[in-house]
Amino acid sequence: RPPAAPSVAQPAARPPALLSSLPSMESTVLLVHSAETGGAARRLSAALTGQSTGVTGFAPPLHAGTAFVWRVQNRYYRARLSLLVVPDTPEANPRLRELAMQAGALLLLYDPRAADGGFAGVAARWEDALSDAAPDVFLLLADGGVADEEAAEFALRQGAELVEIDCAEGSVDMQELAPLAAAVRGEAPVV
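Since the structure is predicted, the reported quantities are computational estimates derived from the model, not experimental observations. (Residues numbered from 1 in each chain as written. Predicted model: local features only at pLDDT ≥ 70, side-chain atom pairs only at ≥ 80, totals over all residues. Heavy atoms only, no water.)

**Looking at the confidence of the model for the chain**
Working step 1: Within the chain, residue pLDDT values average 85, and 86% of them lie at 70 or more.
Working step 2: Scored below 50 in pLDDT, residues 4-19 shows 10 contacts in the model against residues more than four places distant or in partner chains. (pLDDT = per-residue confidence, 0-100. Contact = heavy atoms within 4.5 Å.)

**Notes on the pattern of salt bridges**
Working step 1: Per the stated rule, a full pass over the model turns up six salt bridges.
Working step 2: Taking the shortest distance from any N to any O, the salt bridge between Arg-95 and Glu-98 comes out at 3.0 Å. In this pair, Arg-95 and Glu-98 are both assigned in helix H2 (residues 93-102), three residues apart and thus about one turn of the helix distant.
Working step 3: Measuring nitrogen to oxygen at the nearest pair gives 2.9 Å for the salt bridge that ties Glu-127 to Arg-157. Of this pair, Glu-127 sits in helix H3 (residues 119-131) while Arg-157 sits in helix H4 (residues 149-158), and the two are 30 residues apart along the sequence.
Working step 4: What makes Glu-127 partly exposed here is its relative accessible area of 25%. (Salt bridge = Lys/Arg side-chain N within 4 Å of Asp/Glu carboxyl O. Helix = DSSP H or I, 4+ residues; strand = E, 2+ residues; numbered from the N terminus. Buried < 20%, exposed > 50% of the residue type's maximum accessible area, 1.4 Å probe, protein only.)

**Notes on the nonpolar core**
Working step 1: Grouped together as the largest cluster of nonpolar side chains are 29 residues, with contacts concentrated most on Leu-30, Leu-106, Leu-108, Trp-126 and Leu-140.
Working step 2: Looking at this core, the elements with two or more residues in it are strand E1 (28-33), strand E3 (78-87), H2, strand E4 (105-110), H3, strand E5 (137-143) and H4.
Working step 3: When residues in this core are grouped by element, the largest group, five residues, is from H3.
Working step 4: Of all hydrophobic cores here, the second largest spans 21 residues; its members include Leu-31, Ala-47, Leu-109 and Ile-165. (Core = buried A, V, L, I, M, F, W, Y, C linked by side-chain atoms within 4.5 Å.)

**Some words on the environment of Pro-94**
Working step 1: Summarising the element assignment, Pro-94 is placed in helix H2.
Working step 2: The exposure class of Pro-94 is partly exposed, given its relative accessible area of 48%.
Working step 3: With 31 residues separating them in the primary sequence, Pro-94 and Arg-125 have C-alpha atoms 9.1 Å apart.

**Examining a negative patch on the surface**
Working step 1: On the surface, a cluster of negative charge is contributed by Asp-148, Glu-149, Glu-150 and Glu-153.
Working step 2: Position of Glu-150 among the secondary structure elements: in helix H4.
Working step 3: Given a relative accessible area of 40%, Glu-150 falls into the partly exposed group. (Patch = residues over 30% accessible without salt bridge, like charges linked within 9 Å, V, L, I, M, F, W, Y side chains within 5 Å. Areas by Shrake-Rupley, 256 points an atom, 1.4 Å probe, with all protein chains shown as cover. Lys, Arg positive; Asp, Glu negative; His and termini not counted. Charge placed at Lys NZ, Arg CZ, Asp CG, Glu CD.)

**So, the environment of Arg-97**
Working step 1: Among the secondary structure elements, Arg-97 is positioned in helix H2.
Working step 2: For Arg-97 and Ala-129, which are 32 residues apart along the polypeptide, the C-alpha to C-alpha distance reads 6.3 Å.
Working step 3: Aside from chain neighbours lying at most four places away, what touches Arg-97 is Arg-125, Trp-126, Asp-128 and Ala-129.

Now the structure itself:
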């Protein structure tokens, strides 16, 4: 009898196409948007990162999320961040609330003109999650409208910065953001 061939380990089966791991949350900016502001979130992420497409295919409940590489560069330092853009759905919200406490920054984007009251939905889903500890950097972004007094009070209670921004294509805000974001990425000088 010939000697037995040595055992060769077979490569492990390839994981499914879904990405189970997220970017390092410490260097991640988490942009959570309402259903009404999905287009605004895409335009904002494209303006900030300079990319129109990102990495998709995350495992549920974040399967609708997209991650972008966001390079920040100036004369003092360079950083590579991740911008994780995820819709705030009932299925994803519990996981998003966990991730918000680990993320380097949290941006909540909502439409103050939305039929459901706009900010009321944000407050209902996020107030108790943020009452104990909000992220160090927390922006409440009111897209395309004037934030109401309730949103201003929420931002004050949570230590957030309330920003009224118009993310519509061609808006003055987006036109002004594009060259600033390019400068932050080190692609153009600040004019």
